[in-house]
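Here are the chains, one letter per residue:
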Amino acid sequence: MMTKTLRSSTICLTKKFLLMRPHFALFLFALIGLLSCNNQSSNQSVVGVTDSTSTDSAVVRPVIVTDSVVHDTDDPAIWINPQDPSKSLIIGTDKDADGGLYVFDLAGKIQRDKFIKLKRPNNVDIAYGLMLSGKATDIAVVTEREANKIRIFSLPDMKVVDAGGMEVFKGDSAQAPMGIALYTRPSDKAIFAIVGRKTGPAAGYLWQYRLADDGKGNVKAELVRKFGEYSGKKEIESIAVDNEMGYVYYSDEQVGIRKYYADPDSSDTELTLIPNKGFTEDNEGISIYKTGPNTGYILVSDQGADKFHIFKREGSQADPHAHELVKIVKVAADQSDGSDVTNVALSAQFPKGLFVVMSEGKVFHYYKWEDIIGKSN
């Protein structure tokens, strides 16, 4: 209301000066126009931002905003090029019945020749060194929700290596796969896919599959475990695995982050629940930044507030499953529910790693890790 009153007063004064002092009136009009342009510019500071040194210290801004997809970005994963980290790729889903899997370079540009068309792809994750036809192969695994399948592609060429995909939650009344995380067991390098869905039972909500060569150079999936509690409040979409420490975390939305052992041969007992305390509504995307073998951070999206809650990865000395809240960071990304992070120095632009998140507006945001964690941590 103050803005409207000020503008009305300014117009009245300008009319009087126009009659009495025309030169001053012209100056005043020019000044008003300049202030109006500056105000419009400040309102456009979120989308397309490429400067992380914002004067607004409350909001962390990306250094890169990717090219736009067609429908609706949902979940990213980072593939690190072992020969040249600067040529690493971001794999991201476009969640729609007419959607697909996109590949971006570190400048945020879509690699059009690597696009894969899919029926409502939801979440994606990456693993390294699956043996196919005697060759260690990096893979991207994505849930294709409307087909009730997981799909698997080799990296970086995005070649199909699943013979058309594998049905998940087969024989169950609730399918519609959404979340996925890949676990590589340190002892034998076996790779497992842990898959979540739109809805399901109170126990055994997640199904875990071992991925292996089918003898013809394609991937087969063998069901090895059903585990995980579900509150029934909303859904379970975001899943993240800590390979080195052997844990899997997943977001039971509006309840908290549940933690289990990732190895299917381990106990199915829940290790902890990080409660949904301080979240605006949904606790969503989970990613893990490692500072050492057993140290680092767990980042969880507070979707409704455009924030990330950052917890200690290692827990406390008294309880390794007591994950202390370190800080809460507000980001420019809008309504983010999918993220990934790496501690690898990918380029001069990302010397301490990259944090990538989805944002409304059909894009992904790339953040410098040091901008996220800040100087005090």
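For the structure itself, consult the block above.
Residues numbered from 1 in each chain as written. Predicted model: local features only at pLDDT ≥ 70, side-chain atom pairs only at ≥ 80, totals over all residues. Heavy atoms only, no water.

Quick word on unusual backbone geometry
- With an omega of 10°, the peptide bond between Leu-155 and Pro-156 qualifies as cis.
- For Ser-133, which is not glycine, the phi dihedral falls at a positive 55°.
- Mapped onto the elements, Ser-133 comes out in the loop between β7 (121–132) and β8 (135–144).
- The backbone of Asn-148 shows a phi angle near 55°, a positive value even though the residue is not glycine.
- With respect to the element layout, Asn-148 can be found in the loop between β8 and β9 (149–155). (Helix = DSSP H or I, 4+ residues; strand = E, 2+ residues; numbered from the N terminus.)

Thoughts on the environment of Gln-303
- Here Gln-303 shows up in the loop between β20 (296–302) and β21 (307–312).
- A relative accessible area of 13% places Gln-303 in the buried class.
- A sequence separation of 24 residues divides Gln-303 from Phe-279, and the C-alpha atoms of the two residues are 8.4 Å apart.
- There is a polar contact of 3.4 Å between the side chain of Gln-303 and the backbone oxygen of Gln-335. (Buried < 20%, exposed > 50% of the residue type's maximum accessible area, 1.4 Å probe, protein only. Polar contact = N/O pair within 3.5 Å; in protein donor to acceptor, adjacent residues only side chain to side chain.)

Some remarks on the sheet that holds strand β25 (residues 363–368)
- Taken in spatial order, the four strands of this open sheet run β2-β25-β24-β23, and their pairing is antiparallel. Here the strands that pair on one side only, and so sit at the sheet edges, are β2 (64–65) and β23 (339–342).
- With two bridges connecting them, β2 and β25 associate as antiparallel partners. Each bridged residue has a counterpart across the sheet, and for Val-65 the counterpart in β25 is His-365. (Pairing = 2+ DSSP bridges.)

All quantities given are derived from atomic positions and should not be read as evidence of function.
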